[in-house]
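Examination of the molecular architecture
Listed below are the residues making up each chain.
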There are 2 protein chains.
Amino acid sequence: MAYFPFSNQTPITMFDTLTRRNLAHGGKLMMIHVEIPSGGLAPPHSHPHEQVTYLLEGRAEVRVGEETYQLSPGDSVYVAPNRKHEMRALEDCRVLDVFTPKREDLLQ
Amino acid sequence: MAYFPFSNQTPITMFDTLTRRNLAHGGKLMMIHVEIPSGGLAPPHSHPHEQVTYLLEGRAEVRVGEETYQLSPGDSVYVAPNRKHEMRALEDCRVLDVFTPKREDLLQ
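Predicted model, so just to flag it, every value in this text is computed and none were measured.

**Remarks on the packing of aromatic side chains**
Summed over all chains, the structure comprises two aromatic pairs over all chains. Ring centres of Tyr3(A) and Tyr69(B) lie 4.9 Å apart, and the angle between their planes is 25°; this geometry places the pair in the stacked category. Pair noted here: Tyr3(A) is in strand E1 (residues 3-4) and Tyr69(B) is in strand E8 (residues 67-71), and the two residues belong to different chains. Given the relative accessible area of 22%, Tyr3(A) is considered partly exposed. Using a relative accessible area of 15% as the deciding quantity, one classes Tyr69(B) as buried. Here the guanidinium or amino end of Arg103(A) rests over the ring plane of Phe99(A), the centre of that ring lying 5.1 Å away.

**A short note on the sheet that holds strand E11 (residues 93-100) of chain B**
Strand pairing in a sheet relies on backbone hydrogen bonds. The paired strands run either parallel or antiparallel. Across the sheet, which stays open at both edges, the seven strands sit in the order E1(A)-E9(B)-E6(B)-E11(B)-E4(B)-E3(B)-E2(B) with antiparallel pairing between neighbours. Looking at strand neighbours, the two that pair on one side only are E1 of chain A together with strand E2 (12-14) of chain B, the edges of this open sheet. Inspection of the sheet shows strand E3 (residues 18-26) of chain B paired to strand E4 (residues 29-36) of chain B by six bridges, in the antiparallel sense. Opposite Gly26(B), over in E4(B), you have Leu29(B) as the bridge partner.

**Thoughts on the nonpolar core**
Counting 24 residues, the largest nonpolar core has Met31(A), Tyr54(A), Leu96(A), Met31(B), Tyr54(B) and Leu96(B) as the members making the most contacts within it. Of all the secondary-structure elements, those providing two or more residues to this core are strand E3 (18-26), strand E4 (29-36), strand E6 (50-57) and strand E11 (93-100) of chain A together with E3, E4, strand E6 (50-57) and E11 of chain B. When near neighbours in sequence (up to four residues on either side) are disregarded, Leu96(A) contacts Leu23(A), Met31(A), Ile32(A), His33(A), Val52(A), Thr53(A), Tyr54(A), Leu56(A), Tyr54(B) and Leu96(B).

**Focus on the interface of chain A and chain B**
Contact residues are listed per partner, giving 33 residues for chain A and 33 residues for chain B. Around 2,600 Å² of area is buried between chain A and chain B when both sides are counted, 67% of it from carbon and sulfur atoms. When the area that chain A buries against chain B is broken down by residue, the three leading residues are Tyr3(A), Leu29(A) and Tyr78(A), summing to 24%. Taken together, the links from chain A to chain B amount to zero salt bridges. Taken together, chain A and chain B are joined by 17 residue pairs in polar contact (both at pLDDT 80 or more).

**Section: the confidence of the model for chain A**
A low pLDDT score tells you not to read the predicted coordinates there in detail. Summing up the model confidence of chain A, the mean pLDDT is 96 and the portion of residues at 70 or higher is 100%. Two summary scores accompany this predicted model of the complex, namely pTM at 0.97 and ipTM at 0.96.

**Section: the sheet that holds strand E2 (residues 12-14) of chain A**
The strand order across the open sheet built from seven strands is E2(A)-E3(A)-E4(A)-E11(A)-E6(A)-E9(A)-E1(B), with neighbouring strands paired in antiparallel fashion. In this open sheet, the two strands that pair with only one neighbour each are E2 of chain A together with strand E1 (3-4) of chain B. Alignment of E4(A) against E11(A), held across seven bridges, turns out to be antiparallel. Paired with Met31(A) across the bridge in E11(A) is Val98(A).

**Let's talk about the relation of the copies chain A and chain B**
Taken as rigid bodies, chain A and chain B are interconverted by a rotation of 180° and an axial shift of 0.0 Å, the fit giving an RMSD of 0.0 Å. In symmetry terms, the pair is related by a two-fold rotation axis. For chain A, the residue whose C-alpha comes nearest the rotation axis is Thr100(A), separated from it by 3.6 Å.

**Considering unusual backbone geometry**
Residue and element names in this part refer to chain A. Pro101 follows Thr100 through a cis peptide bond whose omega is -10°. Structurally, Pro101 can be placed in the loop between E11 and helix H1 (104-107). Phi angles above zero are rare outside glycine, and Asp16 is one such case at about 70°. As for its placement among the helices and strands, Asp16 is situated in the loop between E2 and E3.

Conventions and cut-offs
Residues numbered from 1 in each chain as written. Chains lettered and ligands numbered in written order. Predicted model: local features only at pLDDT ≥ 70, side-chain atom pairs only at ≥ 80, totals over all residues. Heavy atoms only, no water. Phe/Tyr/Trp six-rings, centres within 6.5 Å; stacked < 30°, edge-to-face > 60°. Helix = DSSP H or I, 4+ residues; strand = E, 2+ residues; numbered from the N terminus. Buried < 20%, exposed > 50% of the residue type's maximum accessible area, 1.4 Å probe, protein only. Lys NZ or Arg CZ within 6 Å of the ring centre and 35° of its normal. Pairing = 2+ DSSP bridges. Core = buried A, V, L, I, M, F, W, Y, C linked by side-chain atoms within 4.5 Å. Contact = heavy atoms within 4.5 Å. Buried area = accessible area lost by both parts, 1.4 Å probe. Salt bridge = Lys/Arg side-chain N within 4 Å of Asp/Glu carboxyl O. Polar contact = N/O pair within 3.5 Å; in protein donor to acceptor, adjacent residues only side chain to side chain. pLDDT = per-residue confidence, 0-100. Least-squares fit on C-alpha atoms with pLDDT ≥ 70 in both.

As structure tokens, this is what we get:
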């Protein structure tokens, strides 16, 4: 499958307050869309997958390893394999996360 | 490097009318931001890298192999390795492209 219309993707709740939609994926590449309400948190976690996070909307604080970054829309972050990371929404946020390889655990 | 502020990324012209900014990248994962003016074209091309394209803004027609799709903001497309693809902007577009492995040719 090549085409993933946004409106076809079912919202799934994650970490209590986050809403995830799986977007385009195939082979070793996968994109998801995440909504985090103001004050919401993706708690510290890690996985063997590489990740890029792109802030579509809102303002967020992201911690990667020992470093903390303030993200505005358009800013992006790279997370190396098994690197602990977390995100706190300072406003209502919309985020894209991209993974290689695919997060099979999120596709089920 | 983990943090890639959008405003730090230098615009580079590509395919005559497209403007590319390299965003977060590392290991085997890379994101770029592309602006395509209305009527602009990313001509048919292919590469061994897997790709996901996400339409941030505008409207676009994307061809992947033998299929053509009309993209609205939020829609995304997966392109398998060596699959021919092209994009035509029906309005001024802003696009994210993600690749695995990294497009070293675009980083130079």
